[in-house]
Amino acid sequence: MPRALFDRLTGHDDAPRCRYDEHTGLAEFVAQPGFAHEGPAWQIGQLFVRIADALAERGHDVAWQHAGALRLLSDDGAFEPDAGFYLDPTAERAVRRVEGYLDVRNGLPPPDLVVEVDRSRRSRHKLAPYFRMGVREAWTWDRKEGAGLWRPDPAESVGFRAVPESGLCPGLTRDDVDRLCARGVPAIERAQVSRRLARRIAARLASTLPSRP
């Protein structure tokens, strides 16, 4: 859509929840922010902070990067996960100075993990493009269907499959993500769940990481 046409249709960006993407030439309708949508993604971000802290207590330092605001550009189009995480230090260093779009067609690495929190529509249609970019794992959460953990699988017609346990966070199951993101859980109880998960995952990861000099 040309910019001039978008302006005529929307009153020059005054349309609610609508924006024009100069890079792709696409008009996008954007969901209104709210805790029901942002809360689960934030909880997962907190989990990774706690895992890093638990690893540090064991003498292992990790250079993980939260890439929540990053927009990914590929042959499949432009995508903006609700959260993304770089767990590979080499990949994290490669994208440290990227702002705006990260174009994987230029050899830039995508996040190792992406998170999609569904509110008005299911985001499973994004999974195949994410995995074609090179994303290693995806987590989804929907208040009706709960959590899903997904890994690429070329043997499947869709290019991915559901898995019972995370490959990036060993010991983390679909039910764990569900408990972390479920609505109506008191904040103190949710924090306790997050800390327990972090300690469990850190214990499993510690054996695979070099110790601090």
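This write-up is about the structure you can find in this document.

**Quick look at the sheet that holds strand β11 (residues 160–162)**
Reading across from one edge, β3-β6-β8-β9-β10-β11 is the order of the six strands in this open sheet, with mixed pairing throughout. Only two strands of the sheet have a single neighbouring strand rather than two, namely β3 (65–66) and β11. Here helix α5 (residues 174–181) sits on the sheet and contacts β9 (137–142) and β10 (146–152); the angle it forms with β10, its principal contact strand, is near 135°.

**With respect to the pattern of salt bridges**
All told, the structure shown has 14 salt bridges when counted by the stated rule. A salt bridge links Arg151 to Glu137; the shortest N-O distance between them is 2.9 Å. Of the two residues, Arg151 is situated in strand β10 and Glu137 in strand β9; the sequence distance between them amounts to 14 residues. On the basis of relative accessibility, which here comes to 0%, the residue Glu137 falls in the buried class. Salt-bridge contacts for Arg200 lead to Asp176; the nearest nitrogen and oxygen are separated by 2.7 Å.

**Observations regarding the pairing of β10**
Across the seven residues of β10, five count as buried, placing the element largely inside the fold. The pairing of β9 with β10 spans five bridges and is antiparallel. Within the sheet, the bridge partner assigned to Asp142 lies in β10 and is Gly146. Between β9 and β10, which pair antiparallel one after the other, the connecting turn spans three residues. Two strands pair when backbone bridges link them, and β10 and β11 are joined in this way by three bridges, in the antiparallel orientation. Note on β11: the bridge partner recorded for Trp150 is Ala162.

Criteria and thresholds
Think of each chain on its own: its residues are numbered from 1, step by step along the sequence as written. Totals for whole chains, interfaces and linings use every residue, but because this is a predicted model, local features are given only for residues with pLDDT of at least 70 and side-chain atom pairs only at 80 or more, for both listing and counting. Values reported for side chains reflect all heavy atoms of the structure, with hydrogen atoms and water molecules removed beforehand. DSSP-based pairing: two strands are paired if at least 2 bridges between them are found. Numbering goes from the N terminus for both helices and strands, where a helix is a DSSP run of H or I of at least four residues and a strand is a run of E of at least two. In what follows, residue pairs with any heavy atoms lying within 4.5 Å of each other are defined as contacts. Between N-to-C directions, angles span 0 to 180 degrees; the directions come from axes that are lines fitted to C-alpha atoms, helices contributing only their stretch in contact. When a carboxyl oxygen of Asp or Glu is within 4 Å of a side-chain nitrogen of Lys or Arg, the pair counts as a salt bridge. Buried means the residue's accessible area, taken with a 1.4 Å probe over protein chains only, is under 20% of the maximum for its type, while exposed means over 50%, and partly exposed covers the values in between.

Everything listed is a geometric property; what it means functionally is a separate question.
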